[in-house]
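Listed below are the residues making up each chain.
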Amino acid sequence: MALLTKERKENNSGKKKSIVTHTKKNRWGEQIIYGLLFFCGMVSILTTVGIVVSLFTETLSFFQDVSLRDFLTDTKWTPLFKPQHFGILPLLSGTLLIAVGASIVALPIGLGSAIYLSEYAPEGVRRVVKPVLEILAGIPTIVYGYFALTFVTPVLRILLPQTNVFNAASASIVVGIMIIPMVSSLSEDAMLAVPRALREGAYALGATKYEVATGVVVPAALSGIIASFVLAISRAIGETMIVTIAAGSTPKLTLNPLESVQTMTAYIVQVSLGDTPFGTIEYKSLFAVGMVLFFFTLGMNVLSQYITRKYRRVY
């Protein structure tokens, strides 16, 4: 009996040691995972801080030579020519013209395709159509740019002979095509999150499929849909290669989409080609424009987050 009791005590003590050792190993593993995740988070934060600091430093140096008032109110942008003018308004108007045109193309088509995929398409059709639609997001933007220049622009010039070779209309159309998958995918995800019970309740009251889609599902998913709109417009504002190739490089304060314009991103590409000497006012203007673009895209993303949180409905 004494031997059995001794053996039990030894076995219990052995189990306790094993449990303690296993717990310590788990804690070490958790600490390592925590450290890796913390490192990844800090890398993204420090990268953002580095970008902001580099932009802010050069932008501050730029505004020591150019007044902020002239930068925001002058209607001419000719930093690479004499006499020099540093008015950001032509670049802003070109950027907004492209973004508005792209929104006119992308938002209705993207929302319509999302409603179809969410409410009308059979499961087999959805599995085929959605991946095909999202292929548009994987096409390089430079391919889109040459598509705009070699296909969309000639078509526009046939329909509207006064269209310039480089114009905002063709760039807007193709940028809109490029951001359709973003609108469609995010909007569809928001609609699929609407509970099935809401649809069935509407059908029970005699509503048609169209009435359910437009009167129940879309209002219930409105916060996600609007957030997708804002993110897509932000993507259009930051687009580079399409507008550089198709819209031209003429900074002009105009609302005519058939004329050549220059966006903020296109100007950044133009200066970044290497012909501008380092440290000159022309070189510093690159960072001033980049800072304006940074605030634009940051504001759009903050607005998207605000809309999502304020109007989000939890069922």
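Residues numbered from 1 in each chain as written. Predicted model: local features only at pLDDT ≥ 70, side-chain atom pairs only at ≥ 80, totals over all residues. Heavy atoms only, no water.

J.: Before we move on, could you go through the packing of helix α3 (residues 89-120) against helix α9 (residues 222-237) and cite the residues and values that matter?
T.: Two numbers describe how α3 lies on α9: the axes approach to 9 Å, and their chain directions differ by 140°. Taken together, α3 and α9 sit at an angle that is classed as oblique. α3 and α9 meet at a crossing whose hand is right-handed. Every residue of α9 that contacts α3 at Thr95, Ala99, Ala102, Ser103, Leu107 and Leu111 is listed here: Ile225, Phe229, Ile233, Ala236 and Ile237. (Axes fitted to C-alpha atoms, helices over the stretch in contact; angles between N-to-C directions. Helix = DSSP H or I, 4+ residues; strand = E, 2+ residues; numbered from the N terminus. Parallel < 35°, antiparallel > 145°, perpendicular 65-115°, else oblique. Left-handed = near helix turned anticlockwise from the far one by under 90°. Contact = heavy atoms within 4.5 Å.)

J.: Describe helix α8 (residues 209-220), with residues and values.
T.: Helix length check: α8, at 12 residues, gives a terminal C-alpha distance of 15 Å against a target of 16 Å (1.5 Å per residue), a fit within 8%. All buried positions along α8 are accounted for by Val212, Ala213, Val217, Val218 and Ala220. Down the axis of α8, the buried side of the element spans an arc of 145°, and every buried residue falls inside it. Its buried side turned inward, α8 meets α3, α6 (168-192), α7 (196-204) and α9. (Expected span 1.5 Å × (residues − 1). Buried < 20%, exposed > 50% of the residue type's maximum accessible area, 1.4 Å probe, protein only. Arc of directions from axis to C-beta.)

J.: With reference to specific residues and values, describe helix α5 (residues 141-159).
T.: In this model α5 runs 25 Å from its N-terminal to its C-terminal C-alpha over 19 residues, within 8% of the 27 Å that 1.5 Å per residue would give. Ala148 marks where α5 bends most, by close to 35°. Regarding α5, the residues found buried are Tyr144, Gly145, Ala148, Val152, Thr153 and Leu156. In this fold, the buried residues of α5 make contact with α6 and α10 (241-246). (Bend = angle between axes of the 7 residues up to and from the residue.)

J.: A description of the nonpolar core should follow, citing residues and the corresponding values.
T.: Core analysis: the largest hydrophobic core is formed by 44 residues, its most contacted members being Ile98, Val175, Ile179, Met191 and Val243. If you list the elements that add at least two residues to this core, you get α3, α5, α6, α8, α9 and α10. The dominant element in this core, judged by the number of residues it contributes, is α6, at 11 residues. Of all hydrophobic cores here, the second largest spans 26 residues; its members include Val66, Phe71, Ala288 and Val289. (Core = buried A, V, L, I, M, F, W, Y, C linked by side-chain atoms within 4.5 Å.)

J.: Quick one: what's the story with the packing of α3 against α6, residue by residue and with numbers?
T.: Where α3 contacts α6, the two axes come as close as 6 Å, and the packing angle between them is 35°. As for the relative orientation of α3 and α6, their crossing is right-handed in sense. Of the residues contributing to the contact of α3 with α6, the split by class is 21 nonpolar, 8 polar and 1 charged. (Nonpolar A, V, L, I, M, F, W, Y, C, P; charged D, E, K, R; others polar.)

J.: Please set out the pattern of salt bridges residue by residue, giving values where relevant.
T.: Two side chains bearing opposite charge may form a pair once their charged atoms approach each other closely. In the structure shown here, the tally under the stated rule is 9 salt bridges. In this structure, the salt-bridge partner of Glu239 is Arg235, at a minimum N-O distance of 3.0 Å. For Glu239, a relative accessible area of 2% corresponds to the buried category. For Arg235, a relative accessible area of 31% puts it in the partly exposed group. Its salt-bridge partner being Lys252, residue Glu259 comes within 3.6 Å of it at the nearest N-O pair. The exposure class of Glu259 is partly exposed, given its relative accessible area of 23%. Exposure remark for Lys252: the relative accessible area of 31% places this residue in the partly exposed category. The structure contains a network of salt bridges with shared partners spanning Glu123, Arg126, Arg127, Lys130, Glu188 and Asp189. (Salt bridge = Lys/Arg side-chain N within 4 Å of Asp/Glu carboxyl O.)

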